[in-house]
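Each chain, letter by letter, is given below.
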Amino acid sequence: EAKRREEEEQKRFAAEGEVRKQEEEEERQRSAAEAEEAKRREEAEKQRLVAEELARKMQDEEEDRQRSAAEAEEAKRREEEEMQRLDADEEARKRHEEEQQRSSAEADEAKMCEEEKNQSLAAEEAARKVEEDLHRLALEEEAAHRRQDEERERQRLAEEEAEASKKEEEEEQQRVAVEKEADLKQHEEEERRKLAAEEEANQKQQAEAARKGKEEEEQERQRLASEEEEAARSRE
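Just so it is clear, the structure is predicted and the values come from calculations on it, not from any experiment.

> Can you lay out the overall build of the protein for me, pointing to particular residues and giving the numbers?
Counting secondary structure elements, the protein contains two helices and zero strands. Taken over C-alpha atoms, the radius of gyration comes to 51 Å for the protein, far larger than the 18 Å a tight globule of 236 residues would show. Referenced to the eigenvectors of the C-alpha coordinate spread, the extents of the protein come out at roughly 175 × 20 × 10 Å. A burial count over the protein gives 7% of its 236 residues as buried. Across the protein, the fraction of contacts at a sequence separation of at least 24, relative to all contacts at a separation of at least 6, is 89%. Here the protein displays about 19,900 Å² of accessible surface, and carbon together with sulfur accounts for 50% of that area. Looking at charge distribution, the protein has the averaged site of its 52 positive side-chain charges lying 6 Å from that of its 87 negative ones.

The structure is reproduced here in structure tokens:
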């Protein structure tokens, strides 16, 4: 009877050991599956963040392109308006010169009539008119030169202003690009730190679970050894 009970006890111990081994194997498989699932979710999150950043970057580039095209169209429209205004000014100047020439011709005709009436007075008047005409023409020519100089200066200032505006726009675009790049790097660094912290926490959790498993196994082994020792004393 004692031998039978001992055999049954040994069988029970063996069965319990087999059950514990099976439970440990299932726990190990479950931990591995959980780690694999966590790794898969982490990879999916990385891919999602990369896709979102790429879409945002493409949208920003498209908006920059559309804004640049609109600004170029506006600059072209202003240039065309300026050319039309200059053409109108030139036409007005030509009409003014023609009116002056017509007035001068009429004055010459009046002068010739006056000469027929009084040659002496006409000669003096003609000399005076010639002098005045020369002075007026000189003033008009000087004014024309001054208007041309002013127009050239205005064009030069407009070109310098357009060049400065273009340079400021390029600098602004470069600054925005640098800021975007810095934000992207900072976001990637924060994401990497977060993932590293999660990985470290998972490793600690797995290490803690393994330690607890070893402690439970050691306690079970000690309990079995105590039971076996007690059974041996009982048999003695």
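Right, picking up where we left off after that structure.
> Before we move on, could you go through the side chain of Asp60 and cite the residues and values that matter?
With respect to the element layout, Asp60 can be found in helix H1 (residues 2-117). For Asp60, a relative accessible area of 15% gives the class buried. At 3.3 Å, the side chain of Asp60 and the side chain of Lys180 are in polar contact.

> Help me get a handle on the environment of Glu132, residues and values and all.
Mapped onto the fold, Glu132 is located in helix H2 (residues 119-235). Distance from Glu132 to Met58, taken between C-alpha atoms, is 72 Å for residues 74 residues apart in sequence. Separated by 2.4 Å, the side chains of Glu132 and Arg128 make a polar contact.

Thresholds applied
- Residues numbered from 1 in each chain as written.
- Predicted model: local features only at pLDDT ≥ 70, side-chain atom pairs only at ≥ 80, totals over all residues.
- Heavy atoms only, no water.
- Helix = DSSP H or I, 4+ residues; strand = E, 2+ residues; numbered from the N terminus.
- Rg over C-alpha atoms; globule rule 2.2 N^0.38 Å.
- Buried < 20%, exposed > 50% of the residue type's maximum accessible area, 1.4 Å probe, protein only.
- Contact = heavy atoms within 4.5 Å.
- Areas by Shrake-Rupley, 256 points an atom, 1.4 Å probe, with all protein chains shown as cover.
- Lys, Arg positive; Asp, Glu negative; His and termini not counted.
- Charge placed at Lys NZ, Arg CZ, Asp CG, Glu CD.
- Polar contact = N/O pair within 3.5 Å; in protein donor to acceptor, adjacent residues only side chain to side chain.

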